[in-house]
Amino acid sequence: MNPSKLAAVVTDIEGTTTPIAFVKDTLFPFAETALDGFLDTHGQDPQVLAIIEAVRAEAPGEDPRKALRRWMAEDAKVTPLKSLQGLIWAAGYADGRLKGALYPDVAPALRAWAGAGLRLCVYSSGSVAAQKLLFGHSSAGDLTPLFHGYFDTRIGAKRERASYTAIAAGLNLPPAEILFLSDIAQELDAAAEAGLATCQMLRPDDGTIASGWHPTAADFAAVALLHGLPKGY
Ligand SMILES: CSCCC(=O)C(=O)COP(=O)(O)O
Ligand SMILES: [Mg+2]
């Protein structure tokens, strides 16, 4: 049963479902270390060739490997970098070197919300492939059957109102029936401008600063409490 006015929950990953430290200290260094070897081995694969073309288009005149390393250093949310990281992480998830880290409250709440009929979606700067890997090989098992949809930067940047309007249109739902969860105030601002309900995740482990006006929650059980949703335990 879903007594709230919500039809869907769209969640960010880093700082929301997943500790920032896992992304910054495990995922990103894994991709950085493996970059050259991956490109040496897979550089002629059609998928990788297309990504390198996209790198050249984004960084004209710059050596693609240099551009990729610069974006990694800047934590730039650039689609070709995010696509390539997803391909590199795939091998790590497949052989068990990587396991998608989730805060302990996340899986029980997601199961309860999906069971209550809510449509669950992810919106992350990480590529859709990378999102499916993280939730498919998570510390709580394969959670991908719980999700209705996945969105990445191909629908638009996370700090742009138009991205959230496009997500609502893609879900064929009034924006007000969608709750967006994120730790980043500018993302929540953009979602609220598009008419979505928002909640800022203030994970104590991540030391997130409150934006001042979005409702806040320290975990998904608190989100459930705010919206009259089951919390899963
Ligand atoms: C799909 S997991 C990797 C997350 C990632 O690459 C990233 O840049 C974090 O972006 P988010 O939008 O989840 O904060
Ligand atoms: Mg985030």
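Residues numbered from 1 in each chain as written. Chains lettered and ligands numbered in written order. Predicted model: local features only at pLDDT ≥ 70, side-chain atom pairs only at ≥ 80, totals over all residues.

- Identification of the protein chain as Enolase-phosphatase E1 from Plastoroseomonas hellenica is taken from an unreviewed UniProt entry.
- Checking UniProt for the protein chain, the heading Function (unreviewed entry) contains the comment "Bifunctional enzyme that catalyzes the enolization of 2,3-diketo-5-methylthiopentyl-1-phosphate (DK-MTP-1-P) into the intermediate 2-hydroxy-3-keto-5-methylthiopentenyl-1-phosphate (HK-MTPenyl-1-P), which is then dephosphorylated to form the acireductone 1,2-dihydroxy-3-keto-5-methylthiopentene (DHK-MTPene)." (UniProt positions renumbered as here; feature names shortened; annotations may be inferred.)

A word on the pairing of strand S1 (residues 8–11)
Then comes step 1: Side chains of S1 alternate between two faces, with Ala8 and Val10 and Val9 and Thr11 buried alike.
Then comes step 2: Two elements, S1 and strand S4 (residues 178–182), share four bridges in a ladder whose sense is parallel. Bridging across to S4, Val10 finds its partner in Phe180. (Buried ≥ 20, exposed ≤ 12 C-beta atoms within 10 Å, placed from the backbone. Helix = DSSP H or I, 4+ residues; strand = E, 2+ residues; numbered from the N terminus. Pairing = 2+ DSSP bridges.)

Some points on the domain arrangement of the protein chain
Then comes step 1: For the protein chain, the assigned domains read domain 1 (8–18 + 100–227) and domain 2 (23–94).
Then comes step 2: Counting from both sides, the interface comprises 13 residues of domain 1 and, opposite them, 10 residues of domain 2.
Then comes step 3: Grouping the constituent residues of the side of domain 1 that touches domain 2 by class yields four nonpolar, six polar and three charged. (Domains from an automatic or database assignment. Contact = placed C-beta atoms within 7 Å. Nonpolar A, V, L, I, M, F, W, Y, C, P; charged D, E, K, R; others polar.)

Comments concerning the nonpolar core
Within soluble globular proteins, side chains that are nonpolar tend to cluster in buried spots.
Then comes step 1: Core analysis: the biggest nonpolar cluster contains 56 residues, and Val9, Val10, Ile178, Leu179 and Phe180 have the highest contact counts within it.
Then comes step 2: Two domains each put at least three residues into this core: domain 1 (8–18 + 100–227) and domain 2 (23–94).
Then comes step 3: Filtering out sequence-adjacent residues up to four positions away, Ile178 remains in contact with Ala7, Ala8, Val10, Ala168, Leu171, Leu173, Leu196 and Ala197. (Core = buried A, V, L, I, M, F, W, Y, C linked by C-beta atoms within 7 Å.)

Some remarks on the sheet that holds S1
Then comes step 1: Strands sit in the order S3-S2-S1-S4-S5-S6 across an open sheet of six strands; the sheet is parallel. Looking at strand neighbours, the two that pair on one side only are strand S3 (147–151) and strand S6 (216–217), the edges of this open sheet.
Then comes step 2: Bridge count between strand S2 (residues 119–123) and S3: four bridges; the pairing is parallel. Looking at S3, one finds that Cys121 is bridged to Gly149.

Comments concerning helix H4 (residues 79–94)
Then comes step 1: Taking 1.5 Å of rise per residue, 16 residues should cover 22 Å, and H4 covers 23 Å from first to last C-alpha, within 8% of that figure.
Then comes step 2: Among all positions of H4, only Pro80, Leu81, Lys82, Ser83, Leu84, Gln85, Gly86, Leu87, Ile88 and Trp89 are buried.
Then comes step 3: Phi turns positive, to about 90 degrees, at Gly96, one or two residues after H4. (Expected span 1.5 Å × (residues − 1).)

Side note on the site of ligand 1
Then comes step 1: Lining the immediate environment of ligand 1, one finds 15 residues, of which Ile13, Glu14, Ser124, Ser125 and Gly126 sit closest.
Then comes step 2: Sorting the residues of the shell around ligand 1 by element identifies helix H1 (20–42), H4 and helix H6 (128–136) as the ones contributing at least two each.
Then comes step 3: No other element matches H6, which puts three residues into the shell around ligand 1.
Then comes step 4: Counted by class, the shell around ligand 1 contains five nonpolar, five polar and five charged residues.
Then comes step 5: Both domain 1 (8–18 + 100–227) and domain 2 (23–94) contribute no fewer than three residues apiece to the shell around ligand 1. (Near = placed C-beta within 6 Å.)

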